[in-house]
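An overview of the molecular structure
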Amino acid sequence: MNFEIPQEIVEFLQEIDEFIESVIKPLEQTNDNIRFFDHRREDARTDWDRQGLPNQEWEALLAQAKHLAIESGIFNYPFPAEYGGRDGSNLGMAIIREHLAAKGLGLHNDLQNEHSIVGNNVGLLLMLEYGSEAQQAHWLEGLKNASAAFAFGITEPAHGSDATYMETTATRDGDHWVIQGEKTWNTGVHSAQCDMVMARTSGAPGDARGITAFLVPMDAPGVKVEEYLWTFNMPTDHARVSFSGVRVPASAIFGGEGRGLQVVQHFFNENRIRQAASSLGAAQYCVNEAVTYARERKPFGKPLATNQGIQFPLVDLQARCEMLRALIHKTAWLMDRDGAFSVSDKVSICNYQANRLCCEAADTAMQVCGGMGYSRYLPFEHIYRHHRRYRITEGADEIQMRRVAGYLFGFMSQQKPKGVS
């Protein structure tokens, strides 16, 4: 078994680092853009007078960085070659996402807005796999160039993690469908052209089949953003959205009638392994910074690093980083070889373990660095607040453990959901 990172990925990491040094860091230091990353970051990023939404200057800066990455050919790494990409692998994306997160806060990678100079464009990949010819003609160019996007309306206020219990319904009316219901934690709808709304079109609550995905224009009559939900880590772009008698044509169906949930599940594993890699990178950053601080800080006449009370917690975190890194790389490699559904148990293990690890590493780094660690002058509190979200939003810890138990005890099988080609 060869544990070396493939040479093409090593070379791409070098290309990324050169791009960050020559293009992204100078932009970060221009026009006081650093305010979005230093102790002023939460206030600078948030439009407090506009329901806590991301500040428009902040989003404009992210868009500028993204377009520079697109022009350089960095952003499109995971896309198919025929769409300007590099046919990037799951292993490559896992390594890249960890590499970027391990650099700490910066314009190169800020997951609070799902921003990165290397794209994780779920919308494009879904459109290529499931979009009709007409949908692809309408969407692909904009998705590729990051000038268009659709949000995902899955979670419902009363049901949370139970994605099969849909109170939102769609009823056929001639050659149209009428959507009635409500979604919450509907991220990114403030700037999306459409919302991919999951609605029950047949079956009973709890059935996996009978849920259909609809691409619903955000300006369609009956679509209303009820509120933006303020969170532990501001700004917020997580909305509660209502759909009152919203009429859409049959051509708005995405991926086939009754197959909405399966369409989304198809890409959950790829996204979760990448998110786990990002949490690992952020955890490694916290460990590295805490070690550096402990070596330099000398209370009572000697470095903090000489105290076992400082050493042992960081040793344990470093050990967990090393073990998790090996599993993430193995899982991504197996995913490339055997398909996304071949490693569902390992993806769930990586996901909840990485998210817990990141939160614990940020907390430990705060403790090692004392008052400054708790302050906004160091990034640990921000990392904690952001990555704490992933212990819920990417499939709660308990849901991930439930999935692992399902495979371990034989209640579930590692195969594609029915209806997924």
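All values reported here derive from a predicted model rather than from experimental measurement.

1. Some words on the overall build of the protein
- Across its full length, the protein holds 12 helices and 12 strands.
- The C-alpha atoms of the protein give a radius of gyration of 22 Å, which matches the 22 Å a tight globule of 421 residues would have.
- Along the longest, intermediate and shortest principal axes, the C-alpha atoms of the protein span 80 × 50 × 40 Å.
- Looking at the protein as a whole, 51% of its 421 residues qualify as buried.
- Counting contacts in the protein only where the partners sit at least 6 residues apart, residues at least 24 apart contribute 69% of the total.
- Accessible area of the protein: about 19,000 Å², with a carbon and sulfur share of 52%.
- Averaging the locations of the 40 positively and 52 negatively charged side chains of the protein gives two centres separated by 5 Å.

2. Examining the environment of H329
- You can see H329 is positioned in helix 8 (residues 308–338).
- Those residues within four positions of H329 in sequence are excluded, and the remaining contacts are L91, I95 and E98.

3. Let's talk about the packing of aromatic side chains
- With the rule as written, the count across this model stands at 11 aromatic pairs.
- Plain terms: the ring middles of F75 and F79 are 6.0 Å apart, the flat faces sit at 85° to each other, and that makes the pair edge-to-face. One exposure class covers both F75 and F79, and it is buried.
- A ring pair is formed by F232 and Y384, whose centres lie 6.2 Å apart and whose planes are at 90°; its orientation type is edge-to-face. One end of the pair, F232, is in the loop between strand 10 (223–228) and strand 11 (238–249); the other, Y384, is in helix 10 (residues 380–388), and 152 residues separate them in sequence.
- Of the residues examined, Y384 reaches a relative accessible area of 23% and is grouped as partly exposed.
- Joined through ring pairs, the aromatic side chains of W139, F150, F152 and F254 make up one cluster.

4. Some remarks on the UniProt feature "domain: Acyl-CoA dehydrogenase/oxidase C-terminal" (unreviewed entry) in the protein
- Residues annotated in UniProt with the feature "domain: Acyl-CoA dehydrogenase/oxidase C-terminal" (unreviewed entry) correspond here to residues 258–405.
- As annotated, residues 258–405 comprises 82% helix and 0% strand, and the C-alpha atoms at either end are separated by 27 Å.

5. Section: helix 12 (residues 397–408)
- The terminal C-alpha atoms of helix 12, which comprises 12 residues, lie 16 Å apart, in line with the 16 Å expected from a rise of 1.5 Å per residue.
- Taken together, the buried positions of helix 12 are D397, Q400, R403, V404, G406 and Y407.
- Packed against the buried residues of helix 12 are helix 7 (260–296), helix 9 (344–374) and helix 11 (390–393).
- Where helix 12 terminates, the next one or two residues include G410, which has phi positive at roughly 85°.

6. Quick notes on the nonpolar core
- Counting residues in hydrophobic clusters, the biggest one holds 88 residues, and the most contacted among them are I16, I117, V118, F254 and I328.
- Looking at this core, the element that brings in the most residues is helix 7, giving 16 residues.
- Judged by nonpolar contacts, the second largest core, of 22 residues, contains A170, A199, Y228 and V246.

7. Comments concerning a nonpolar patch on the surface
- Taken together, the side chains of L408, F409, F411 and M412 define a hydrophobic patch exposed on the protein surface, amounting to about 520 Å² of accessible area.
- Within the secondary structure, F411 is located in the segment after helix 12.
- Classification of F411 by relative accessible area gives exposed; the value is 70%.

8. Some thoughts on the domain arrangement of the protein
- With domains assigned, the protein is organised as domain 1 (7–120), domain 2 (150–254) and domain 3 (261–409).
- Taken together, the 22 residues of domain 1 in the interface contact 28 residues of domain 3.
- Of the roughly 2,200 Å² buried between domain 1 and domain 3 on both sides combined, carbon and sulfur atoms contribute 52%.
- On the domain 1 side of the contact with domain 3, R41, N90 and E98 bury the most area, a combined 28% of that side's loss.
- Counting across the domain 1 and domain 3 interface gives 5 salt bridges.
- Elements supplying a minimum of two residues to the side of domain 1 that touches domain 3: helix 2 (41–45) and helix 4 (90–101).

9. Some thoughts on helix 1 (residues 7–28)
- With 22 residues, helix 1 ought to run about 32 Å at 1.5 Å a step, and its terminal C-alpha atoms sit 30 Å apart, in line with that.
- Every buried residue of helix 1 is listed here: I9, F12, L13, I16, F19, I20, I24, L27 and E28.
- The inward-facing, buried residues of helix 1 contact helix 3 (56–72) and helix 4.

10. Here's the deal with the side chain of S375
- Checked against the element boundaries, S375 lands in the loop between helix 9 and helix 10.
- Taking relative accessible area as the criterion, S375 reaches 15% and is therefore assigned buried.
- Among the polar contacts listed, one links the side chain of S375 to the backbone oxygen of M372, at a separation of 2.7 Å.

11. A few points about unusual backbone geometry
- The residue after M234, namely P235, is reached through a cis peptide bond having omega 5°.
- Among the structural elements, P235 can be located in the loop between strand 10 and strand 11.
- Residues other than glycine seldom take positive phi values, yet Q51 does so here, at roughly 60°.
- With respect to the helices, strands and loops of the structure, Q51 is situated in the loop between strand 1 (46–47) and strand 2 (53–54).
- With a phi angle near 55°, E114 is a residue other than glycine that sits in the positive phi range.
- Assignment of secondary structure puts E114 in the loop between strand 3 (109–110) and strand 4 (115–116).

Definitions and cut-offs
Along each chain, residue indices are assigned from 1 in the same order as the chain's sequence is written. Owing to the predicted nature of the model, reporting of local features is limited to residues with pLDDT of at least 70; listing and counting of side-chain atom pairs is limited to 80 or more, with chain, interface and lining totals taken over all residues. Only hydrogens and water are set aside; all other atoms, that is, all heavy atoms of the structure, feed into the side-chain values. Think of it this way: any DSSP run of H or I at least four residues long counts as a helix, any run of E at least two long counts as a strand, and we number them from the N terminus. Computation of the radius of gyration draws on C-alpha atoms, with the globule rule given as 2.2 Å multiplied by the number of residues to the power 0.38. Relative accessibility thresholds used throughout: buried, under 20% of the residue-type maximum; exposed, over 50%; partly exposed, between the two (1.4 Å probe, protein chains only). We call two residues in contact whenever any of their non-hydrogen atoms come within 4.5 Å of each other. Method for areas: the Shrake-Rupley scheme with a 1.4 Å probe, in which residue coverage is limited to the protein chains shown. For the purpose of charge, His is not counted, nor are the chain termini; Lys and Arg are scored as positive and Asp and Glu as negative. To locate a charge, take atom NZ for lysine, CZ for arginine, CG for aspartate or CD for glutamate. Stacked, tilted and edge-to-face pairs are distinguished by plane angle, under 30 degrees for stacked and over 60 for edge-to-face with tilted covering the rest, among Phe, Tyr and Trp rings (Trp via its six-membered ring) whose centres lie within 6.5 Å. UniProt positions are given in the numbering used here, feature names are shortened, and annotations may be inferred rather than shown by experiment. For a helix, the expected span equals 1.5 Å multiplied by the number of residues minus one. For our purposes a nonpolar core is just a set of buried Ala, Val, Leu, Ile, Met, Phe, Trp, Tyr and Cys residues, chained together by side-chain atoms within 4.5 Å. Note on patches: the residues involved have over 30% relative accessible area and no salt bridge, like charges join within 9 Å, and the nonpolar side chains Val, Leu, Ile, Met, Phe, Trp and Tyr join within 5 Å. Salt bridges are defined by distance alone: a side-chain nitrogen of Lys or Arg within 4 Å of a carboxyl oxygen of Asp or Glu. Domain boundaries shown here were taken from an automatic or database domain assignment. Put simply, buried area is how much 1.4 Å-probe accessible surface two parts lose in total, over both of them, once they are put together. Contacts described as polar in this section are N or O atom pairs within 3.5 Å, which, within protein, must combine one atom able to donate a hydrogen with one able to accept it, while residues neighboring in sequence count only if both atoms come from side chains.

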